[in-house]
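# Notes for the structure review
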2 protein chains.
Amino acid sequence: ELNMNQTSAPIKTAKEELADFVEIFPILTNEILKELPGMDMPPQTIAWVEKMINVNVSGGKMNRGLTVLHSLQLLVEGRQLSRSEIFLANVLGWCVEWLQAFFLVADDIMDQSITRRGQPCWYRQANPISNNGTIGSIAINDSFILESCIYILIKKYFRNEPYYADILDIFHETSYQTELGQLLDLTTQPNRGDFSLFTLNTYRRIVKYKTAYYSFYLPVALAMLMAGITSTPAFSTAKDILLPMGEFFQVQDDFLDCYGSPAVIGKIGRDIEENKCSWMICQAILNGTPEQINLLKKHYGLDNPTDVELVKKIYGEIGLKKIFKDYEDESYAFLISKIKSVRIMPQEVFIKLLSKIYKRDL
Amino acid sequence: ELNMNQTSAPIKTAKEELADFVEIFPILTNEILKELPGMDMPPQTIAWVEKMINVNVSGGKMNRGLTVLHSLQLLVEGRQLSRSEIFLANVLGWCVEWLQAFFLVADDIMDQSITRRGQPCWYRQANPISNNGTIGSIAINDSFILESCIYILIKKYFRNEPYYADILDIFHETSYQTELGQLLDLTTQPNRGDFSLFTLNTYRRIVKYKTAYYSFYLPVALAMLMAGITSTPAFSTAKDILLPMGEFFQVQDDFLDCYGSPAVIGKIGRDIEENKCSWMICQAILNGTPEQINLLKKHYGLDNPTDVELVKKIYGEIGLKKIFKDYEDESYAFLISKIKSVRIMPQEVFIKLLSKIYKRDL
Ligand SMILES: [Mg+2]
Ligand SMILES: [Mg+2]
Ligand SMILES: [Mg+2]
Ligand SMILES: [Mg+2]
Ligand SMILES: [Mg+2]
Ligand SMILES: [Mg+2]
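Counting of residues starts from 1 at the beginning of each chain's written sequence and follows it residue by residue. Chains and ligands are labelled sequentially in the order written, the chains with letters from A and the ligands with numbers from 1. Per-residue local features are limited, in this predicted model, to residues with pLDDT of at least 70; the limit for side-chain atom pairs, both in listing and counting, is 80 or more; totals at the level of whole chains, interfaces and linings are taken over all residues. Neither water nor hydrogens contribute to the side-chain values; these are computed over all heavy atoms in the structure.

### Re the overall build of chain A
Broken down by element type, chain A carries 14 helices and two strands. Relative to the globule expectation of 21 Å for 362 residues, the C-alpha radius of gyration of chain A, 22 Å, shows essentially globular dimensions. By principal-axis analysis of the C-alpha atoms, chain A measures approximately 70 × 60 × 30 Å. Burial classes: relative accessible area under 20% of the type maximum marks a residue as buried, over 50% as exposed, and values in between as partly exposed (1.4 Å probe, protein chains only). Within chain A, the proportion of its 362 residues that are buried is 59%. When checking whether two residues touch, look at their non-hydrogen atoms; a contact exists if any pair is within 4.5 Å. Within chain A, counting contacts between residues at least 6 apart in sequence, those at least 24 apart form 76% of the total. Where helices and strands are cited, they refer to DSSP runs of H or I of at least four residues and of E of at least two residues respectively, numbered from the N terminus. The quantity called the radius of gyration is restricted to C-alpha atoms. Its globule counterpart is 2.2 Å times the number of residues to the power 0.38.

Here you go:
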């Protein structure tokens with residue numbers, strides 16, 4: 001069937017879709033920056049906001065952001081999206097990227113991280129208006145500004161849509177869920193050498209909240225709102241699949257924190273140094289001998305290369321690579337079987353996401 | 001005229017109004033806490049959130065929070081508010097207090113403050129689930145949680161009101177304005193000893209954004225939304241009076257940072273140590289001799305009691321107490337004349353606020 005509607009967009013390749021997505025970033029950034037002179041902000045403040053947005057929002061893999069458009073395309077089942085629908089889906093996609101930037105800027109301070117996306121974390125970068133010194137704790141306020149940008153953009157493009165308040169509600173709820181996840185993450189390692197909280201149950205709760213809601217449920221739910229879906233069971237079904245998918249994604253992130261190449265993952269793993277309740281340490285405790293666990297208690301959570309090496313050596317002896325591979329296969333089969341039972345919305349929405357993460361570069 | 005409406009509340013004294021306001025704080029806190037067990041949050045996490053809210057949201061002067069009810073009462077001109085209207089105005093008042101808590105928790109980290117409301121700043125308090133150490137940078141995420149509480153409460157009580165989206169918009173906009181003010185504040189003192197940015201113009205821009213919008217305009221604008229006011233000129237008129245009022249309030253705060261008693265203001269002034277673009281230093285530069293200004297350049301912005309003493313000695317020589325008193329009288333007269341010209345809404349709304357700040361304890 002030929003679509004003669006002038007406003008319909010031609011079917012795009014993945015590369016063209018990515019180009020469309022990347023292309024609107026400067027448009028959105030400009031929407032934010034162009035208000036600042038009228039608010040009497042001095043040039044160096046505008047330059048600060050511009051640099052801060054560019055450094056922190058762009059340069060990621062953009063999987064979360066692209067997922068809004070991909071999901072919407074599959075949700076409308078066959079009908080071609082108009083140019084305007086594509087643009088709006090991508091605006092929401094960028095809002096997810098802005099949300100992630102908000103969290104990452106603060107997370108890097110709280111985790112004392114060194115690098116992010118192949119460059120120093122924002123709080124460690126040079127302060128452009130000081131003779132010396134870094135951005136430092138000003139990055140806290142910068143993270144707030146990144147969050148505010150979300151609501152500037154949503155208001156600009158969605159204020160008159162009937163689902164405007166629904167979009168705001170879901171961004172608020174997802175932010176709160178992520179913050180609770182961060183709180184769990186930051187309080188599950190109260191004392192070094194105490195492994196009592198490092199259980200898989202605790203781990204799963206942390207990652208569901210700190211990662212899965214915003215990375216997997218949010219982009220799909222936004223597409224569902226744009227598609228006019230209002231049925232609560234549809235949103236529940238989506239959650240039921242996307243939260244476990246997000247859990248696997250975080251397990252993978254934890255695995256890569258230890259075994260991924262910094263050149264590929266863009267950051268230097270620090271979960272061992274930071275005494276994190278990582279999937280790796282939980283599995284090591286489950287699968288190690290009492291002697292191995294005692295050694296881990298002595299050396300885990302110390303910011304010292306020789307201790308880190310020793311922890312990694314024990315991980316090797318326990319065979320965490322094989323345990324991860326088995327877990328990956330299992331979780332893949334589990335998700336496929338869950339997806340096959342979905343009737344309330346197109347299964348392809350979930351298959352598409354699944355295919356993105358299970359071929360992630362290891 | 002007798003009001004026979006059963007749901008109308010009797011006219012209250014200021015003391016009873018304050019009691020009403022204070023009374024609903026635990027109700028609102030409970031609205032937030034009661035959701036957490038169903039979200040699978042462990043008891044120590046719920047206890048953390050509870051303590052964090054109690055320490056940071058309550059215990060302030062609550063002027064901002066009470067202003068919503070006071071303004072609404074004056075806006076409905078004579079009609080008695082129902083119990084439900086009073087409750088809802090106080091909910092929005094507490095949301096303003098929650099917004100302030102969000103900003104203060106982060107501001108104290110960024111300013112390296114020591115005390116707040118007579119106790120150690122939240123980030124310096126003991127970490128309740130660690131054997132030693134403080135809350136530290138976890139307070140960053142705690143500040144995010146305080147912000148999220150605003151939207152939980154607004155959704156709970158206002159989701160079905162026609163002005164729901166307007167309330168959300170104004171909280172978003174005010175947050176952004178405050179964040180820009182914080183950015184200005186944090187970047188106006190790039191290098192110690194450089195006074196080039198310490199001008200009254202720069203100062204006024206900083207305080208309009210970092211203080212006046214959220215402390216003065218927001219509570220009144222919320223009352224206006226509740227009162228059903230939709231006229232843009234009314235909101236402009238309110239801004240036109242409330243932003244200069246907020247500016248004077250911050251000048252007073254800067255004066256008290258230097259000359260107020262810590263027992264009265266609940267915090268230990270650190271503007272001199274932190275090299276802040278304070279009203280005091282701006283006026284000292286305007287009114288001091290070249291010799292005095294050179295001495296200030298040498299000693300301002302050092303975290304050292306003898307330097308701070310010297311700065312205060314020069315302030316005394318320049319006569320900043322008298323300059324402040326004159327400025328206070330002038331700004332009072334200026335605001336009164338502005339208020340007298342208001343026709344679009346009751347002048348009493350502004351007079352009430354003015355009377356609160358111009359009798360503030362010095
Ligand atoms: Mg991190
Ligand atoms: Mg983290
Ligand atoms: Mg990680
Ligand atoms: Mg401060
Ligand atoms: Mg400050
Ligand atoms: Mg102050």
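### Focus on the relation of the copies chain B and chain A
C-alpha atoms of residues with pLDDT of at least 70 in both copies form the basis for the least-squares superposition of the copies. Expressed as a screw transformation, the operator carrying chain B onto chain A has a rotation angle of 180° and an axial translation of 0.0 Å, and the superposed copies differ by an RMSD of 0.0 Å. Seen this way, the second copy is the image of the first under a two-fold rotation axis. Distance from the rotation axis, computed per C-alpha, reaches its smallest value in chain B at Ala-165 of chain B: 3.1 Å. A symmetric contact is evident, with 100% of the interface residues of chain B recurring at the interface of chain A.

### Concerning the packing of helix H3 (residues 63-75) of chain B against helix H4 (residues 83-110) of chain B
Residue and element names in this part refer to chain B. To get an axis, a line is fitted to the C-alpha atoms, and for a helix only the part in contact is used. The angle between two axes follows their N-to-C directions and goes from 0 to 180 degrees. The N-to-C vectors of H3 and H4 enclose an angle of 150°; their axes lie 7 Å apart at closest approach. The angle between H3 and H4 falls in the class roughly antiparallel. Seen from above, H3 lies across H4 with right-handed handedness. Facing H3, whose interface residues are Asn-63, Arg-64, Gly-65, Val-68, Leu-69 and Leu-72, H4 presents Glu-85, Ile-86, Ala-89, Asn-90, Leu-92, Gly-93, Val-96, Glu-97 and Gln-100. Within the contact of H3 with H4, the residues separate by chemical class into seven nonpolar, five polar and three charged. Under this scheme an angle from 65 to 115 degrees is roughly perpendicular, one under 35 degrees roughly parallel, and one over 145 degrees roughly antiparallel; angles in between are oblique. Crossings are sorted by hand: turned counterclockwise from the far helix by less than a right angle, the near helix makes the crossing left-handed, and turned clockwise it makes it right-handed. Residue polarity is assigned by list, with Asp, Glu, Lys and Arg as charged and Ala, Val, Leu, Ile, Met, Phe, Trp, Tyr, Cys and Pro as nonpolar; anything else, Gly included, falls into the polar class.

### Points about the interface of chain B and chain A
Contacts between the two partners involve 52 residues from chain B, matched on the other side by 52 residues from chain A. Each of two parts loses accessible area, computed with a 1.4 Å probe, when they are put together; buried area is these two losses added. Between chain B and chain A, roughly 4800 Å² of surface is buried when both sides are summed, and carbon and sulfur atoms account for 65% of that area. Broken down residue by residue, the surface that chain B buries against chain A is led by Phe-144, Tyr-176 and Leu-183 of chain B, which jointly contribute 13%. Salt bridge, as used here, is a side-chain nitrogen of Lys or Arg placed within 4 Å of a carboxyl oxygen of Asp or Glu. Inspection of the chain B/chain A interface yields eight salt bridges. For Asp-166 of chain B, the salt bridge goes to Arg-159 of chain A, with nearest N and O atoms at 3.0 Å. Counting of polar contacts relies on pairs of N or O atoms within 3.5 Å, with two restrictions inside protein: one atom must be capable of donating a hydrogen and the other of accepting it, and residues adjacent in sequence are counted only when both atoms are side-chain atoms. At the junction of chain B and chain A, the tally comes to 17 residue pairs in polar contact (both at pLDDT 80 or more). Only helix H2 (43-57), H4, helix H5 (138-158), helix H6 (164-186) and helix H7 (200-226) of chain B provide two or more residues apiece to the side of chain B that touches chain A.

### Considerations on the coordination of the magnesium ion (ligand 4)
Residues and elements named next belong to chain B. Protein coordination at the magnesium ion (ligand 4): the donors are Asp-107 (OD) and Asp-111 (OD), at 2.0 Å from the metal. With water excluded from the atoms, a metal site may look incomplete; its donors are any N, O or S atoms within 2.8 Å, or within 3.2 Å for Na, K and Ca. Here the magnesium ion (ligand 5) and the magnesium ion (ligand 4) are spaced 3.1 Å from one another, each receiving a donor from Asp-107. Exposure class is identical for Asp-107 and Asp-111. Each is buried.

### As for the nonpolar core
By size, the foremost hydrophobic cluster in this structure holds 262 residues, and its most contacted members are Trp-98 and Phe-171 of chain A together with Trp-98 of chain B. With residues up to four places along the chain from it excluded, the contact list for Trp-98 of chain A reads Phe-25, Leu-28, Thr-29, Ile-32, Ile-53, Val-57, Leu-146, Cys-149, Ile-150 and Leu-153 of chain A. In this text, buried Ala, Val, Leu, Ile, Met, Phe, Trp, Tyr and Cys residues form a nonpolar core when linked through side-chain atoms within 4.5 Å.

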